[in-house]
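Summary of structural features
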Amino acid sequence: MARKKTNKKVASAVSNTVSFKTRVQDPKNRIVLSIILLLFSVYLLLAFTSFYFSYEKDYSKLNYSWLDLVRNADIKVDNMMGKTGAAIANQFIHNWFGLGSYGFVILSFVAGLKLLRTKNIHFGKVFRNTVFLGIWLSITMGYLFGDIYDANWGGAHGFYMSKWLNAFVGKVGTAFILLIWIFTYILFAFPNSQRKFSALATKLSSVSGIKFTWFDKINWPDWLKSAPINKTVLKDVSGISNEQSHNTPLSNLESEEDSFVVNNNKLFNNKDKGLKNSNGNSKEEFYFLGSDGNAIKPSDDFEVSDLTKNKEEVVILGAETTLKEGIPLGVSKKEDIVTDEIKRELDDYDPTLDLSRYQIPPLELLEEHQKEVTEVTNEELMSNKNIIVETLKTFKIEIKKIKAQIGPTVTLYEIIPEAGVRISKIKNLEDDIALNLSALGIRIIAPMPGRGTIGIEVPNRKPEIVSMRSVITSSKFQNSDYELPIALGKTISNETYVADLTKMPHLLVAGATGQGKSVGLNAIITSLLYKKHPSQLKFVFVDPKKVELTLYEKIERHFLAKLPDAEDSIITDNQQVLNTLASLNIEMDLRYNLLKAAGVRNIAEYNAKFISRRLNPNDGHRFLPYIVLVIDEFADLIMTAGKEVELPIARLAQLARAVGIHLIVATQRPSTNIITGTIKANFPTRLAFKVASMVDSRTILDMPGANQLIGRGDMLITQGSEIIRLQCAFIDTKEIDKITDYIGSQQAYPTPYLLPEFSNDNESGIGSVDLENRDDLFEDAARIVVLHQQGSTSLIQRKLSIGYNRAGRIIDQLEAAGVVGAFEGSKARQVLISDEHSLENFLSSLR
């Protein structure tokens, strides 16, 4: 009996449902119901919106039940939809979902439209999205405004749900959940989001070197799948083959086998659809499917390639293509045309892929060297100010105003003198002010460029150490977009000084021994190591002292360049220096030929063109890294090789900047025979540490000032007419060891960057000397050389009273015979035989 009763209930429910559907499907009932739903949605919209403006006034009245509100005529509300609207809005917004309640407005409105049989409305999809977003919005508003319950932004649902989530996973965890929630919604709600996120993942992969392949591995539901993807094999214009998926979304495609879309119009093959052409036969033609469902034939002069015959040989140029005189375009043979759109979608060449896992050294490898906080006290400032004022008054110089600007090692006092005071009079008091201040040395800048004041730089009693870490971590360096940024230190105003080596474009560094010159070079090199990838930068190190730059041997296969036949990447031999300079000149000429062939003016334009695959590697084009030549002791090279070193360096300085070769030359002997006019003319940027005399300062900077520095990294840098005082960043040998160890432990190139080969013609010339045809004065010249233990052409010329050319031939014969050593520039050749007895035995063996 129980089963029979149950079956009757089920049958009754089914019949009632069928009866309801039948009634709804009646056109009259459907129109009436749709109008009711549409008007109800408008009523809800107005009631909800009015609620937010009238809630504070109606708050006390909304505590009554709806029936009490309706019965009591004395109760009045400010809601524009009356008591009923206020009660409904209070229930939905305050007691339920807050702003998420507007979802009911949307659902009611869409349901009304759906009953009117409006096309392109999917109520199920709208329902899913509205419920999903409504709940998320309620919780999010409760999370953001949870402390103000009466604000009604999230309603009771949002308030209590956010409180529960905060207690369960914390505020940060709740924020993560809400972000993942909305991200998931966007990913699944919009069909094209998968492709867009995949494209974003591809770009992130090319930048970071990490492959994001999980988007492509997601098993997407049918209703979420993007439009079909035509996979074609494209030939790169640079000559490198690339297999690339060319995404062409085709919207509203009913059947992939028998139709395709151009400009969102369906194009059908009449043979597959059983249509007849205008002549009544079944000749294969293509038609557009109009909005009314009828086939429309294109004009006779319009040709469309048949994609159904050979799908692998075509490229569809995109769903949105151009229109020409109302005729859709968009289909082309792959062999006939490769459009600009396809070229743009080809991946750019990435020079860092060979070492895609390379990581810049972490900042933790650098140390903060300031053990205690050192600052200039008010007592020190006031004392120095009073001394300056009193000293100037002693010499009858009145000042209007004085202000101080504290730097890491010096404080700048800017003074404004009274009218009629001559600037030269203040400049002449430099020594008197220094004497009264008991300072190591002061520098007067009269006038200060662009300020209309006179500056007096006074050393601080307790100078501050500027660590390399402080300048590397500064936002000015980290956010720098320079090609070759170098962080040198801090200015008088305590600002990090960052410059672009490509704009300098070469740097001349000079200073006395022990004043911070080598530390400055290490700071420059470290700055570049913290900014550039090994594929973008190469160093050529010349270290005649053999101890300063050997720390960088560990990064030989990452950042260093050398000659193919060189044993060491750090060049210490003078003859190897000459060969390397000659090789760099060859590299410069080769690069200029590449720039000429590419039709560009500098290395930045050339590399941009190569990266965008507009240059063919088969034509000799390649990615060009920047090359920085660092010479630690230039004076030693000039003393030993003279013009042989100066001329190739001058040529590089004149021409190499455009092709990405930059020079950093350092010397501790800033004299005119070392820093010649040719060198100074091609090094507009000069950096001076403390020097011994004003003459040396003028040699470097063309003005005094470097002789008044206090040492320990205190320096002046000039670019043109502007001169800036800096405190050089300090980096210790231990820090450099850590950095080079970190870089050296990573994957490297098989070999260092190889410079072009260079053959020394002079060396081959010595070997071709015929000792059988020795000069008649050969033995006399050998005796003179051994007697004086000096192998020079001028000595033989003077002692034997012969011409220079003959003396030169004799010295070549003596070198070939083994009496004297190889040419060493301006120095005399080394004599290989120590005494006359050994010489006579040697000469007798030659007879």
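Okay, a nonpolar patch on the surface next. Nonpolar side chains collect at one region of the surface, where Met161, Trp164, Phe168, Val169 and Ile177 lie side by side and expose about 480 Å² of accessible area between them. Mapped onto the elements, tryptophan 164 comes out in helix H7 (residues 155-189). Relative accessible area serves as the criterion here: at 49%, tryptophan 164 is assigned to the partly exposed category.

Time to look at the packing of aromatic side chains. According to the stated counting rule, one finds twelve aromatic pairs in the structure shown. A ring pair is formed by phenylalanine 48 and tyrosine 102, whose centres lie 5.7 Å apart and whose planes are at 80°; its orientation type is edge-to-face. With a gap of 54 residues between them, phenylalanine 48 in helix H2 (residues 27-58) and tyrosine 102 in helix H5 (residues 102-115) connect regions that are remote in the sequence. The exposure class of phenylalanine 48 is buried, given its relative accessible area of 0%. Here the aromatic cluster, defined as three or more aromatic residues joined through ring pairs, consists of Phe48, Phe92, Phe97, Tyr102 and Phe104.

Turning our attention to the pairing of strand E17 (residues 507-510). The two faces of E17 match: Leu507 and Val509 on one face and Leu508 and Ala510 on the other face are all buried. Strand direction decides the pairing type here: E17 and strand E22 (residues 661-667), joined by four bridges, are parallel. Its bridge partner lying in E22, valine 509 is registered against alanine 666. Where E17 and strand E23 (residues 685-688) come together, four bridges link them in parallel fashion. Along E23, the bridge assignment pairs leucine 507 with threonine 685.

What the ten strands build is an open sheet, ordered E16-E15-E25-E24-E23-E17-E22-E21-E18-E20; its pairing is mixed. The sheet is open, and its two borders are formed by strand E16 (496-500) and strand E20 (570-571), each paired with just one other strand. Pairing analysis gives six bridges linking strand E18 (residues 537-542) to strand E21 (residues 626-631), with the strands arranged parallel. Within E21, the residue paired with valine 542 across the bridge is isoleucine 631. Sheet strands in contact with helix H24 (residues 694-701) are E17, E23, strand E24 (714-719) and strand E25 (722-728), and its direction is about 155° off that of E23.

It is at 10 Å that the axes of H5 and helix H6 (residues 123-144) come closest, and there the two elements cross at 180°. With respect to each other, H5 and H6 are oriented roughly antiparallel. Contacts between H5 and H6 involve Gly103, Ile106, Leu107, Val110, Ala111 and Lys114 from the former and Phe123, Val126, Phe127 and Thr130 from the latter. Among the residues forming the contact of H5 with H6, the class breakdown is seven nonpolar, two polar and one charged.

To continue, consider the layout of surface pockets. Reported here for the second largest pocket is a volume of approximately 860 Å³. Surrounding the second largest pocket, 32 residues form its lining, Arg443, Ile445, Met448, Pro449 and Ile723 being those nearest its centre. Put simply, the parts of the chain that give the lining of the second largest pocket at least two residues each are strand E13 (443-445), E16 and E25. Top element by residues in the lining of the second largest pocket is E25. It accounts for four residues.

Here we come to the side chain of histidine 662. Its place among the elements puts histidine 662 in strand E22. Beyond its immediate sequence surroundings of up to four residues, histidine 662 is in contact with Leu484, Leu501, Thr502, Pro505, His506, Tyr626, Ile627, Val628, Leu629 and Arg657.

Our focus in this paragraph is the sheet that holds strand E14 (residues 454-459). Reading across from one edge, E11-E12-E14-E13 is the order of the four strands in this open sheet, with antiparallel pairing throughout. Each edge of the open sheet is held by one strand with a lone partner, namely strand E11 (399-406) and E13. Looking at each pair of strands side by side, their axes are set apart by 20° on average, direction ignored. Docked against the sheet, helix H12 (residues 378-394) engages E11, strand E12 (410-417) and E14, running at close to 40° with respect to E12.

All right, on to the pattern of salt bridges then. Inspection of every chain in the model, using the stated rule, returns 20 salt bridges. A salt bridge links arginine 783 to glutamate 779; the shortest N-O distance between them is 3.6 Å. Taken together, the residues arginine 783 and glutamate 779, both in helix H27 (residues 778-788) and four residues apart, mark about one turn of the helix. Take glutamate 779: its relative accessible area is 22%, and that puts it in the partly exposed class. Among the charged side chains, a network of salt bridges with common partners joins Arg443, Glu457, Asp714 and Arg725.

All right, on to the packing of helix H28 (residues 793-800) against helix H29 (residues 804-817) then. Interhelical geometry of H28 versus H29 gives an angle of 120° and a closest axis separation of 9 Å. Compared by their axis directions, H28 and H29 come out oblique. Taken as a pair, H28 and H29 cross one another with a handedness that is right-handed. Contact residues: Thr793, Ile796 and Gln797 in H28; Tyr804, Ala807, Gly808, Ile810, Ile811 and Leu814 in H29.

The subject of this paragraph is unusual backbone geometry. Cis rather than trans, the peptide bond between methionine 504 and proline 505 has omega equal to -10°. As for its placement among the helices and strands, proline 505 is situated in the loop between E16 and E17. Phi is positive for aspartate 702, which is not a glycine, with a value near 65°.

The next subject is the environment of leucine 437. Topologically, leucine 437 is positioned in helix H14 (residues 430-437). As a C-alpha pair, leucine 437 and serine 383 span 54 residues in sequence and 8.8 Å in three-dimensional space. Other than its neighbours up to four places away in sequence, leucine 437 contacts Asn384, Ile387, Ile388, Ile442 and Val458.

Rules of the game
Residues numbered from 1 in each chain as written. Predicted model: local features only at pLDDT ≥ 70, side-chain atom pairs only at ≥ 80, totals over all residues. Heavy atoms only, no water. Patch = residues over 30% accessible without salt bridge, like charges linked within 9 Å, V, L, I, M, F, W, Y side chains within 5 Å. Areas by Shrake-Rupley, 256 points an atom, 1.4 Å probe, with all protein chains shown as cover. Salt bridge = Lys/Arg side-chain N within 4 Å of Asp/Glu carboxyl O. Helix = DSSP H or I, 4+ residues; strand = E, 2+ residues; numbered from the N terminus. Buried < 20%, exposed > 50% of the residue type's maximum accessible area, 1.4 Å probe, protein only. Phe/Tyr/Trp six-rings, centres within 6.5 Å; stacked < 30°, edge-to-face > 60°. Pairing = 2+ DSSP bridges. Contact = heavy atoms within 4.5 Å. Axes fitted to C-alpha atoms, helices over the stretch in contact; angles between N-to-C directions. Parallel < 35°, antiparallel > 145°, perpendicular 65-115°, else oblique. Nonpolar A, V, L, I, M, F, W, Y, C, P; charged D, E, K, R; others polar. 1 Å grid on protein atoms, 1.4 Å probe; cavity = no way out; pocket = protein on both sides within 12 Å on 5 of 7 lines; lining within 4 Å. Points joined across faces, edges and corners; volume = space filled by probe spheres on them. Left-handed = near helix turned anticlockwise from the far one by under 90°.

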